[in-house]
Amino acid sequence: PPRGPPCRRAGAPPPPPPPDAPVRVSPRTVIAAHGVSDRDRKAARSAGYSDSFLAWALQEAAADELTEARADALDEIADAAQARALAPVDPDASDGALRDIARRRADLMLDRIADLREPVTLEWLNAQVTALEARELPPFEKDGGPVADQLAARVKRACCRHWWARNVRRAATRKREAREQAAGRISVRTAVYVGDDTAARYERQQQRNRATLEQTEIESADGELLTLWAAMQASTANPAIRRGELMTRIKGAEQWAAARGMVGLFTTNTLPSRFHATHHGGGRNANFDGSTPRDGQGWLCKTWARTRAALARQGVRFFGFRVAEPHHDGCPHWHMLLFVDQQQAEALQAVMRRYWLADSPNEPGASVHRFKAVAIDPSKGDAAGYVAKYIAKNIDDAGAVGAEGHRDEAGGEQVEIDGAGGNKARRVLAWASAWGIRQFQAIGQPPVTVWRELRRVDSCAVQGASQSLKAAHAAVNREGDKLACWRGYLDAQGGAMKGRAARVRLFVEQQRRDGMYGPTEGQRIVGVHDVTRPGEVVLSSRKAWKPRGTWTADARDAAQVGDWGGVRDWVFARPKAAQPWTRVNNCMQQRGGIAALWGSGIVGAVMKREPGGSNQGIEPWKTPPAPRPRPSPAMPASSTP
């Protein structure tokens, strides 16, 4: 006779002997038992069942008949696995435990989708994932490709353990921080800005990220090797570069405003007292209503949106910068550097004060501390000097900030924050990461993305461009002793306070990619163009990079040539306003008769939906034309379409 089942759990008695009469198997038991995979085994094992018991249960489930006791055992396995997946995220769980929860929820969503007897919709998906403490999946994009492909990509995300790991970590972090804040354990006397556990986890994650970046090598088509860490250090992800770019922009904005007789205002914008969990002295705030720093940031953004609308109705024009940083207890506040015409400065302050005091205006200290504005006195220092410490203390504690230390306002005075020794800027970054708060934002200025893209354009590529594009390119690039100048960039773009009417804009093309969650369509930046000359595009100098050792001979060949031959044939074969499916080489006006193509507007046509662009009813190409024999890279002396 067959042996009885082994013990289910350590120290637990074995199940009762099975009765003689067979029973009908429930659908849930069939789902849990049939189609056995490693995932099923791991789920049962992590629920506390031994491998031997699992093997016995699955073997019996596959038989023609099941006894009631055995069916109940399998139902218990299914119930335990589902309960673990549905359990709320533990804010104190280790990263390994969070990854396990992420895997369980990915498996749970896969089962739910497989059992669904109606079409999957985005609304249904969002209802499921938000109930499991994930944030909503993004809505469909207008230019993101077929809706079926976009929906399939979102389904794959909902069933992906990596996507769930990010969401589970975010939920755990915010639960933990909200609990610590409500308990009064985030303050100048305990843990400043964020809890010590969150700060330590952030540091460990940064160390893991750095180790991964240092060990990952990428290779260009011409054989250049680079680690991802070196690539990151050369970008604005490097704190020093990020800080330097911000200070350059602030200095240039001040110079542009001063040349037009505008005045500078430095404001401090804070929240009502109900957003503060603790007083600066460490005592609990009786008015605290449980709001999180993210709730506070939402209040600031909403109030600022209303303020902007009111200022627009009154015709008050301004531009500048905004910095978000935490108080000692993690509650956010803003510092704003705004430039405005001298005749409108009082109106700007009055409107801002009115909206910031619209909520709880009568609470003690509100009229004094809720909104403050200080006029910048050039005799005492420039605007960059006013905000330099706020920039540094939110990035890397560079300069005098590192020696002076962080300060917070208490009773109208600046008090030094003593807690959490070391680089406190790291705790500010952990705070911004935990709550998803954007630290810096420009107001009323041309996009910095165009500034960065112009730095990728070779000098020879702008020789035949418009005066605005030439001036913008000269402003953003260093040459000898001449530094990059944001003021010159503002002038080339038509100035500040122009909304989206900048002269020089990005040139993008639609690109279909095969990613982790399936094919996607998105925009790829390939250069810049002047809206006053829509037929001309200046292309960026970009290299194609792949993980080391993944280049094929054909792909390397095509990348080194720059797809020149295919583009040349395509240019001659297509009408003037058609959209190119790939880019051409930089400095192309120096290659034979390409200047004629450039001037005629054939190379680099503008997207149909680009403001100021050409629209002759020709749909953008969704797929590249058929491959053609690649001609010699050398171009003829003169060519006509």
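Before going into details, it helps to say that this report is about the structure given with it. All figures in this text were calculated on a predicted structure; none of them were measured in a lab.

Parameters at a glance
Residues numbered from 1 in each chain as written. Predicted model: local features only at pLDDT ≥ 70, side-chain atom pairs only at ≥ 80, totals over all residues. Heavy atoms only, no water. Helix = DSSP H or I, 4+ residues; strand = E, 2+ residues; numbered from the N terminus. Expected span 1.5 Å × (residues − 1). Buried < 20%, exposed > 50% of the residue type's maximum accessible area, 1.4 Å probe, protein only. Polar contact = N/O pair within 3.5 Å; in protein donor to acceptor, adjacent residues only side chain to side chain. Salt bridge = Lys/Arg side-chain N within 4 Å of Asp/Glu carboxyl O. Lys, Arg positive; Asp, Glu negative; His and termini not counted. Contact = heavy atoms within 4.5 Å. Phe/Tyr/Trp six-rings, centres within 6.5 Å; stacked < 30°, edge-to-face > 60°.

### Quick look at helix H11 (residues 239–258)
For an α-helix, the turn length of 3.6 residues means that residues three or four places apart are oriented alike.
Working step 1: The first and last C-alpha atoms of H11 sit 29 Å apart over 20 residues, in line with the 28 Å expected at 1.5 Å per residue.
Working step 2: Among the residues of H11, those classed as buried are Glu-245, Leu-246, Arg-249, Ile-250, Gly-252, Ala-253, Glu-254, Trp-256 and Ala-257.
Working step 3: One side-chain oxygen at the N-terminal end of H11 lies 3.0 Å from the backbone nitrogen of Ala-240; it belongs to Asn-238.

### Points about the pattern of salt bridges
Working step 1: This structure, assessed with the given rule, holds 33 salt bridges.
Working step 2: A salt bridge links Lys-543 to Glu-224; the nearest nitrogen and oxygen atoms lie 2.5 Å apart. Residue Lys-543 is found in the loop between strand S14 (538–539) and strand S15 (545–547), and its partner Glu-224 is found in the loop between strand S3 (217–220) and strand S4 (225–227); the two are separated by 319 residues along the sequence.
Working step 3: Taking the shortest distance from any N to any O, the salt bridge between Arg-542 and Glu-453 comes out at 2.6 Å. One end of the pair, Arg-542, is in the loop between S14 and S15; the other, Glu-453, is in helix H18 (residues 448–454), and 89 residues separate them in sequence.
Working step 4: According to the relative accessible area criterion, Glu-453 is buried, its value standing at 1%.
Working step 5: Each of Arg-84, Asp-100, Arg-103, Arg-104 and Asp-107 takes part in one network of salt bridges that share partners.

### With respect to the side chain of Asp-329
Working step 1: In this structure, Asp-329 sits in the loop between strand S6 (318–326) and strand S7 (332–341).
Working step 2: No salt bridge is formed by the buried Asp-329, whose closest oppositely charged neighbour, Arg-284, lies at an N-O distance of 9.6 Å.
Working step 3: Reaching out from Asp-329, the side chain makes a polar contact with the side chain of His-276 at a distance of 3.2 Å.
Working step 4: The residues contacting Asp-329, other than those within four sequence positions of it, are Gln-181, Ile-186, Ser-187, His-276, Ala-277 and Thr-278.

### As for the side chain of Thr-278
Working step 1: Tracing the backbone through its elements, the reader meets Thr-278 in the loop between strand S5 (262–269) and helix H12 (293–314).
Working step 2: Beyond its immediate sequence surroundings of up to four residues, Thr-278 is in contact with Gly-184, Ile-186, Ser-187, Gly-283, Arg-284, Asn-285, His-328 and Asp-329.

### Remarks on the packing of aromatic side chains
Working step 1: Going through the model one piece at a time under the given rule, you end up with 10 aromatic pairs.
Working step 2: Relative to Phe-318, the ring of Trp-304 lies with its centre 5.8 Å away and its plane at 65 degrees, an arrangement referred to as edge-to-face. Of the two residues, Trp-304 sits in helix H12 while Phe-318 sits in strand S6, which places them 14 residues apart along the sequence. Phe-318 matches Trp-304 in its accessibility class, with the two residues each being buried.

### A short note on unusual backbone geometry
Working step 1: Although it is not a glycine, Tyr-193 sits at a positive phi angle of roughly 75 degrees.
Working step 2: As for its placement among the helices and strands, Tyr-193 is situated in the loop between helix H8 (161–182) and helix H9 (196–215).
Working step 3: Its identity is not glycine, yet Ser-360 carries a phi of approximately 50 degrees, on the positive side.
Working step 4: Ser-360 sits in the partly exposed class, given a relative accessible area of 28%.

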